[in-house]
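# Coordinates in review
Residues per chain, in single letters:
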Amino acid sequence: MSNQSTPPKLPLRFFRWYCHPDYAEDIEGDLWERYERNVEEKGERAACWRFAQDVTKLFRPGIIRPFCKIQPINHTAMFQNYFKIGWRNLLNHKGYSVINVLGLTLGITGAILIFTLVKYHLSFDTFHSKADRIYRVTTEFHQEEISRESNVPQPIGKALRDDYTFAEKIAMVYSDSDWLVSVPSSEDDKKFKEHIAFAEPEFFDILDFPLVQGDKNTILTEPNTAVITERIAEKLFGDQNPIDQMIRVQNKLDFRITGVLQDLPINTDRRDEIYLSYSSLKEYNAWLAGDSWQGIAGGMHCFMLLKPDVPPSEVNETFPELSKKYYNERDAEIYQFKLQHISDIHFNPDLGGYIAKKNLWALSLIGLFLIITACVNFINLATAQALRRAKEIGVRKALGSKRGQLFWQFITETALITILALVLAYAFAQLALPYLNQLLNIQLQINIFQDIYLLTFLPILLLVVIVLSGSYPGLIMAGFQPVMALKGKLSQKHAGGFSLRRGLVITQFVISQLLIIGTIVIANQVRYSRQADMGFAKDAIVMLPVPEKEKSTISALDSEISQLADVEKIAFCSRAPASEGWASVDVRYSSRTENENFDITVKAGDHQYVPTFDLQIVAGRNLQPSDTVREFLINETAVRRFGEHSPEDVIGKRVWIGLNGSEGTIVGVVKDFHNRSFHETIDPLCITTSTDWYSSCAVKINPGNLQSTLSDLETSWVEVFPNHVFEYSFLDEQIARFYETDNMIFRLIQIFASIAIIIGCLGLYGLVSFMAAQKTKEVGVRKVLGASLPSILWLFGKEFTRLLILAFVIAAPLAWWVMQNWLENFTYRIEIGGGIFALAIAATFLIAMLTVSFQSVRAALANPVDSLRNE
């Protein structure tokens, strides 16, 4: 556009010259009316010059230079100007800035922590180079119900290698924990408890656990050889070279070190750090290494590396043929096998996985809620503050600012706040991480320079927050009509309206109440799982290991412990009534010729088992002292599954169980107790005596003198087992581990619900502060007219009360549906009653009331004279 020495002849062209064309036709008010009068009185040219002078006087002199040449836009200078203006706004309105920055910081902090946690779990065993072709064989039992186990029969590895060609590599591995490990040549004779595994050499061709010492082609090929990790090597041998050193396991088997593995990564479910040659398994336990297809030991796994062109469905189709070959006709229908991809191992609790993927998606959803809550908070406050900036927007438009420029001005300010919040959130996440690791017993790390996923996530998160937070307020303010803005005629409806803010506040309340209700339900279920009667005594019972099962050592330990003053009862058993591991075997009742169509869980326990755990006998009598299987106690569930109508009907009947082909007489029926967690149903169960199966000693103690009693127990135990490491655990702590994942979810939802509530409180506080400023004159007038303090407070509280109730109406059914689905994971669970919802809305009311009370009371107590004078 060229310079001109005279103004345009037409008024509309003149306004388009000085103002954006989108708004030229909208300009009205005093300046327009004065222009029209001047046209009539002094002519068009004089009127235009007068208009320019009026505009110049209205704003800072020198801003408007009529008829100057328009220069090309300098985008760098423009954004620098945006930045300066945004920074000045932050400094000039510190309260508004702090609330916005803190709200976004908390939301982004929660999102970073949740992203890190979800990424950590999703990364499990993804580092294996051939992960897409690695599978684990699992067992399905097709009986009255279909159940699955990760364990398989020991001979399956050899059968798959000999009979089929779909696998490139197959490896059997037997894992166990708390094995005694020592160095025979050491002078101090220290002993340690470690995770061990007997593994075939092909195991290291399938999974990538790199060697730092040794030959991958020869490790574990010879009997009595071992591979250990760097951590174990340093622990056992210090600075010495571990190769060809000897280690001893369980005080009876010696193995020569032939390789050292790199320390295990934190994101693998294979936590074994000592691998022993699989050919030595028979020397340790002949039954484990046997050729029985019916006996399936816990910890016996089969890994398979499929050939590149073989789909897993083809392998699954061949498994029925395998069952028919190695089982009789009936058992072939029961024992079925399926492949499980390695990526599913961590996420399948039914097969020993740590956490279900749906829990990770739930956490991700909570992270999204936090971001939405923070963005809603920002939008709410920005639109509430919009009227304060109305004259600024009017001035800018009158001076020629385009709508897009004003929009990007506000986006730049939003970006400035968000970047500051992101930097603070990253620092807060770093500070919170050690506490989160300790709380969840994991090893998360946050390092933006070493984590490509986090480095990608943060810019995306930044962009999403800027767009979600800044777009709507930017469009609202950019759309203000300049003359109305300059004359102060804009109202709340022009800044998004109360309906918008109502919707945003309702959204915050819905999210907060969803998380509050979820927290209450999970807390009640966890408390129920811990405190509900499991059908046996679990308090003040100490579980001690029995590493040697000879009758003489068991009698000696019984004698030593029984003499202690604070010991009330003592029982020897395979496991406690409720335990993580259990033996589930075939069973045949009475004179029937075929096995039952269900398995029975076997618990070995001496004649003190029932009184020590306070089990209730509903029919018959307790077991008599015996070192072998002679008599059985069964539970009420087993009575029903046998088809009998009452407990008395089974007394005196014979029972055969598939554990070493044992047979005995049913002498009593115990009341049903929970033999596993509340996630599972109560199994048919029997209790019998057998010294060979006693691996634990349950000691009921007087808790009044706990420390000295534990010290006495250690002394007595070491007297009997001097070559072993003393360890103990409390039964109630063992049972609490059933709900480890549930507790983790509970802790996380507590943390992030608190963050969401704090963000919501910040938003409420900001809105009430804004309302108090807007209603200063109204409050003053009401007080002059005699309004009471409660009525003034209700002026502020009634709006939020209505919104909270509406949010509750939305949140309650949604929360009920979500938590009802979560409770479906428990066979025995609480009911979601009205009390939970009443507590949730009461908590929300209390939080909202405390948040708004300070500013409300302050406004209500203000001197009306001052309020009216200020107006």
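Residues numbered from 1 in each chain as written. Predicted model: local features only at pLDDT ≥ 70, side-chain atom pairs only at ≥ 80, totals over all residues. Heavy atoms only, no water.

Another point: the overall build of the protein chain. On a plain count of helices and strands, the protein chain comes out with 29 helices and 23 strands. Put simply, 78% of the contacts in the protein chain that link residues at least 6 apart link residues at least 24 apart. (Helix = DSSP H or I, 4+ residues; strand = E, 2+ residues; numbered from the N terminus. Contact = heavy atoms within 4.5 Å.)

Let's shift gears to the packing of helix 20 (residues 551–562) against helix 23 (residues 706–720). Axis separation between helix 20 and helix 23 bottoms out at 9 Å; the angle between their running directions is 155°. As judged from the angle between their axes, helix 20 and helix 23 are roughly antiparallel. Our pair here, helix 20 against helix 23, has a crossing hand that is right-handed. For the pair formed by helix 20 and helix 23, the contact residues are T553, A556, L557, E560 and I561 on the first element and L713, S716, W717, E719 and V720 on the second. Looking at the contact of helix 20 with helix 23 residue by residue, the class counts come to 6 nonpolar, 2 polar and 2 charged. (Axes fitted to C-alpha atoms, helices over the stretch in contact; angles between N-to-C directions. Parallel < 35°, antiparallel > 145°, perpendicular 65-115°, else oblique. Left-handed = near helix turned anticlockwise from the far one by under 90°. Nonpolar A, V, L, I, M, F, W, Y, C, P; charged D, E, K, R; others polar.)

In this section: the state of the cysteines. The tally for this structure, following the rule as stated, stands at 0 disulfides. C573 provides the cysteine sulfur closest to C697, a residue in no disulfide bond, and the two sulfurs are 7.7 Å apart. Owing to a relative accessible area of 0%, C697 belongs among the buried residues under this scheme. (Disulfide = S-S within 2.5 Å. Buried < 20%, exposed > 50% of the residue type's maximum accessible area, 1.4 Å probe, protein only.)

A separate point is the confidence of the model for the protein chain. When pLDDT is averaged across the protein chain, the result is 82; 80% of the residues are at 70 or more. A low-confidence stretch, residues 1–29 (pLDDT under 50), is modelled with 66 contacts involving residues beyond four sequence positions or located in other chains. In this model residues 58–74 is a low-confidence stretch, pLDDT under 50, and it forms 30 contacts with partners more than four residues away in sequence or in other chains. (pLDDT = per-residue confidence, 0-100.)

One non-glycine residue, D125, lies in the positive phi region at around 60°. Tracing the chain through its elements places D125 in the loop between helix 6 (94–122) and strand 1 (134–142). Residues other than glycine seldom take positive phi values, yet N441 does so here, at roughly 55°. Inspection of the secondary structure puts N441 in the loop between helix 16 (403–440) and helix 17 (452–478).

Sheets are built from strands that pair by backbone hydrogen bonding, the pairs being arranged parallel or antiparallel. With antiparallel pairing, the 4 strands of this open sheet are ordered in space as 13-22-12-23. Of all the strands in the sheet, just strand 13 (567–573) and strand 23 (729–730) have a single pairing partner and so form its edges. Set on the sheet, helix 20 makes contact with strand 12 (541–545), strand 13 and strand 22 (696–701); between it and strand 13 the angle comes to about 165°. Here helix 23 sits on the sheet and contacts strand 12, strand 13, strand 22 and strand 23; the angle it forms with strand 12, its principal contact strand, is near 20°. (Pairing = 2+ DSSP bridges.)

What follows deals with the packing of aromatic side chains. Between two aromatic rings, the relevant description is the distance of the centres plus the angle of the planes. The full count for this structure, using the stated rule, is 32 aromatic pairs. With centroids separated by 5.9 Å and ring planes inclined at 75°, the aromatic side chains of F203 and F303 adopt a geometry described as edge-to-face. Residue F203 is found in helix 8 (residues 203–206), and its partner F303 is found in strand 10 (residues 300–306); the two are separated by 100 residues along the sequence. For F203, a relative accessible area of 0% translates into the label buried. Residue classification places F303 among the buried positions, given a relative accessible area of 2%. Ring pairs connect the aromatic residues F127, F203, F204, F209, Y275 and F303, which therefore count as one cluster. In this structure, K357 is placed above the aromatic ring of F347, and the distance from its NZ or CZ to the ring centre is 5.1 Å. Here the basic side chain of R588 rests over the ring of W656, its NZ or CZ set 4.5 Å away from the ring centre. (Phe/Tyr/Trp six-rings, centres within 6.5 Å; stacked < 30°, edge-to-face > 60°. Lys NZ or Arg CZ within 6 Å of the ring centre and 35° of its normal.)

Moving on, we get to the packing of helix 7 (residues 156–163) against helix 11 (residues 312–326). Running from N to C, helix 7 and helix 11 point in directions that differ by 110°, and their axes come no closer than 12 Å. When the axes of helix 7 and helix 11 are compared, the pair comes out roughly perpendicular. The interaxial crossing formed by helix 7 with helix 11 has right-handed handedness. Where helix 7 abuts helix 11, its residues I156, A159, L160 and D163 lie against F319, L322, K325 and Y326.

To continue, consider the side chain of T268. Looking at where T268 falls in the secondary structure, it is placed in the loop between strand 8 (253–261) and strand 9 (274–277). Of the residues examined, T268 reaches a relative accessible area of 2% and is grouped as buried. Setting aside residues no more than four positions away along its own chain, T268 makes contact with F124, D125, F127 and F209.

A separate point is helix 7. Buried residues of helix 7: I156, G157, A159 and L160, and no others. The buried residues of helix 7 all sit within an arc of 165° when viewed along its axis, so they share a single face. The outward face of helix 7, more than 90 degrees from its buried face, is lined by the exposed residues K158 and D162. Where helix 7 is buried, its residues meet strand 1, strand 3 (167–182), strand 10, helix 11 and strand 11 (335–341). (Arc of directions from axis to C-beta.)

So, about the pairing of strand 22. Side chains on a regular strand alternate between the two faces of the sheet. Most of strand 22 sits out of view: 6 of its 6 residues are buried. Residues of strand 22 alternate between two faces, with S696, A698 and K700 on one and C697, V699 and I701 on the opposite face, all of them buried. Where strand 12 and strand 22 come together, 5 bridges link them in antiparallel fashion. Its bridge partner being in strand 22, I541 is matched across the sheet by K700. Where strand 13 lies against strand 22, 6 bridges are found, and the strand directions are antiparallel. Bridge pairing in strand 22 places F572 opposite C697.

Moving on, we get to helix 20. Helix length check: helix 20, at 12 residues, gives a terminal C-alpha distance of 16 Å against a target of 16 Å (1.5 Å per residue), a fit within 8%. For helix 20, the set of buried residues is T553, I554, L557 and I561. What you see down the axis of helix 20 is that its buried residues fit within an arc of 100°, all on one side. Exposed positions of helix 20 whose direction lies more than 90 degrees from the buried face are K551 and S552. Along its buried surface, helix 20 packs onto strand 12, strand 13, strand 22 and helix 23. (Expected span 1.5 Å × (residues − 1).)

Before going further, it helps to spend a moment on the environment of E727. Along the chain, E727 falls in the loop between helix 23 and strand 23. Taking relative accessible area as the criterion, E727 reaches 31% and is therefore assigned partly exposed. Note: C-alpha distance between E727 and W717 (10 residues apart in sequence) is 9.6 Å. Sequence-distant contacts of E727, defined by excluding residues within four places in its chain, comprise D178, K193, M543, L544 and P545. A polar side-chain atom of E727 sits 3.2 Å from a polar atom in the side chain of K193. (Polar contact = N/O pair within 3.5 Å; in protein donor to acceptor, adjacent residues only side chain to side chain.)

It is worth spelling out the environment of R50 at this point. For R50, the position within the fold is in helix 4 (residues 44–58). A C-alpha to C-alpha distance of 9.0 Å links R50 and R34, two positions 16 residues apart in sequence.

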